Amino acid sequence: MNRVEALKKKMDQGKLLKGFFLTMADPAVSEIGGYAGYDYVWIDAEHAPLGRQEILRHIMAAQGSGCAAFVRVPGSDPSQMKAILDMGPDGVIFPFTNNPKIAREEIQACLYPDQGGVRGQGPIRAIRYGLDEEGAYIANAAASVFKVGQIETLEGYENLDAILDVKGFDSFFIGRADLGRSIAGSKKQVNLDQAFTDICRRVREKGYYMGATIGASAAEAEDAKSRGVQWVVFGQDVKILAEGLKRNLENLKEL
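Position labels on residues start from 1 in each chain and follow its written sequence. Per-residue local features are limited, in this predicted model, to residues with pLDDT of at least 70; the limit for side-chain atom pairs, both in listing and counting, is 80 or more; totals at the level of whole chains, interfaces and linings are taken over all residues. Values shown for side chains rest on all heavy atoms present in the structure; no hydrogens or waters enter the calculation.

1. What about the sheet that holds strand β6 (residues 171-174)?
Then step 1. If you walk around this closed barrel you meet the eight strands as β1-β2-β3-β4-β5-β6-β7-β8, and the pairing is parallel. Between one strand and the next, the sheet's axes are offset by a mean angle of 25°, whatever the strand orientation.
Then step 2. Pairing of strand β2 (residues 40-44) with strand β3 (residues 68-72) involves five bridges; the strand directions are parallel. Across the sheet, I43 pairs through a bridge with V71, a residue of β3. Two strands are counted as paired when DSSP detects at least two bridges linking them. Counting from the N terminus, the helices are DSSP H or I runs at least four residues long and the strands are E runs at least two residues long. Axis definition: a line fitted to C-alpha atoms, limited for helices to the stretch in contact. Angles are taken between N-to-C directions and run from 0 to 180 degrees.

This is the structure:
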């Protein structure tokens, strides 16, 4: 059983997957996450200043310490996607899946031409540097990556049914903060909390896994789970470090 299958099995058993946002360059952070018991690390190549070598080392460190490696990519540009996929991540997360055209481009970036996609052939770490048979990998490459589309704008919410009809995704994820700002900017009378619940319901009815961001509390986790969320991300490495360092210093603030 590969890591993606193991994650799906855990969700199918009703267990909540847990991960954290990773923005720092040092792969020790991913390794610590695995040793600490997280199910996956969210390697943020959208917002964080991470280059290809840093992404690769995070993937290796996470997987080597026992957890899965998800990479949130900057977009669906095939020239960027093929390099990341060839590193052998367990999942890719696409930001701003706003309409079916974008959704199709995201899936096509993950598939080889004979599978309906545009991915260039040249797997490296994904085939254990040639120790695995390349043809066998290519035949099953799509199934070995957990493909996630983020619904984080009012446009994405309004186009949700058409997006869900695009074949190839494993899961969808609610970017609640961006969705809230998008709704506020539109001036439309849309309730964010109701939209959150509605997205969860419709995604699950279509048979996809559902992910969301939560705060680091059991109450928020239970609330998300009650709406149909099966995997969550909470906490960001730099904020956790900053808060921990501040608390550490405050222990001696009187001296």
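Now, onward.
2. Regarding the nonpolar core
Then step 1. Here the nonpolar core consists of buried residues drawn from Ala, Val, Leu, Ile, Met, Phe, Trp, Tyr and Cys, with membership extended through side-chain atoms lying within 4.5 Å. Only protein chains enter the accessibility calculation, which uses a 1.4 Å probe. A residue is then buried if its area is under 20% of the maximum for its type, exposed if over 50%, and partly exposed in between. The biggest cluster of nonpolar side chains holds 30 residues, and the ones touching the most others in it are F169, F172, I174, I199, V203, M210 and V229.
Then step 2. Sort the elements by how many residues they give to this core and helix α10 (residues 192-205) lands first, with five residues.
Then step 3. For this analysis, residues touch if any pair of their heavy atoms sits within 4.5 Å. The contact partners of F169, leaving out residues within four places of it in the chain, are T97, A103, E106, I107, K147, V148, G149 and Y208.
Then step 4. Membership of the second largest hydrophobic core comes to 25 residues, among which are F20, L22, V29 and A62.

3. Some remarks on helix α1 (residues 3-12)
Then step 1. Residues of α1 that are buried: V4, L7 and M11. Viewed end-on, α1 has its buried residues packed into an arc of 65°, placing them on one side of the element.
Then step 2. The inward-facing, buried residues of α1 abut β1 (17-22), β3, β5 (146-151), β7 (209-213) and β8 (231-236).
Then step 3. Of the residues flanking the end of α1, it is G14, one or two places downstream, whose phi is positive at about 85°. Taking the helix axis as origin, the arc is that swept by the directions to the C-beta atoms.

4. Some remarks on the pattern of salt bridges
Then step 1. Salt bridges are counted wherever a side-chain nitrogen of Lys or Arg sits within 4 Å of a carboxyl oxygen of Asp or Glu. All chains considered together, the criterion is met by 18 salt bridges.
Then step 2. Salt-bridge contacts for D132 lead to R128; the nearest nitrogen and oxygen are separated by 3.0 Å.
Then step 3. Its salt-bridge partner being R202, residue D161 comes within 3.1 Å of it at the nearest N-O pair. Residue D161 is located in helix α8 (residues 160-164), and its partner R202 is located in helix α10; the two are separated by 41 residues in the primary sequence.
Then step 4. Take D161: its relative accessible area is 45%, and that puts it in the partly exposed class.
Then step 5. We classify R202 as buried; its relative accessible area is 15%.
Then step 6. Each of D161, D198, R201, R202 and E205 takes part in salt bridges that share partners, so that together they form one network.

5. Digging into unusual backbone geometry
Then step 1. Here R128, not a glycine, exhibits a phi torsion of approximately 50°, which is positive.
Then step 2. Of note, R128 is situated in the loop between α5 (100-108) and α6 (134-140).
Then step 3. One non-glycine residue, Y129, adopts positive backbone phi at about 60°.
Then step 4. Looking at where Y129 falls in the secondary structure, it is placed in the loop between α5 and α6.

6. Digging into the packing of aromatic side chains
Then step 1. Any Phe, Tyr or Trp ring, taking Trp's six-membered ring, that has another such ring centre within 6.5 Å forms a pair; planes under 30 degrees apart are called stacked, those over 60 apart edge-to-face, and the others tilted. One pass over the full model with this rule turns up 14 aromatic pairs.
Then step 2. Where F146 meets Y209, the ring centres are 6.1 Å apart and the plane angle is 45°; that geometry is what we call tilted. Of this pair, F146 sits in strand β5 while Y209 is found in strand β7, placing the two residues 63 residues apart along the sequence. Comparing F146 with Y209, the two get one shared label, buried.
Then step 3. With centroids separated by 6.0 Å and ring planes inclined at 75°, the aromatic side chains of F146 and W231 adopt a geometry described as edge-to-face. Of this pair, F146 sits in strand β5 while W231 sits in strand β8; the two residues are 85 residues apart in sequence, bridging distant segments of the chain. Each of the two residues, F146 as well as W231, counts as buried.
Then step 4. Taken together, the ring pairs connect F21, Y40, W42, F70, F146, F173, Y209 and W231 into an aromatic cluster.

7. Focus: a nonpolar patch on the surface
Then step 1. Patches here: salt-bridge-free residues with over 30% relative accessible area, like charges joined within 9 Å, nonpolar side chains (Val, Leu, Ile, Met, Phe, Trp, Tyr) joined within 5 Å. Using a 1.4 Å probe, the Shrake-Rupley method yields the accessible areas, and only the shown protein chains count as cover for residues. A cluster of nonpolar side chains, namely M60, I124 and Y129, defines an oily patch on the protein surface of about 330 Å² accessible area.
Then step 2. Mapped onto the fold, M60 is located in helix α3 (residues 52-64).

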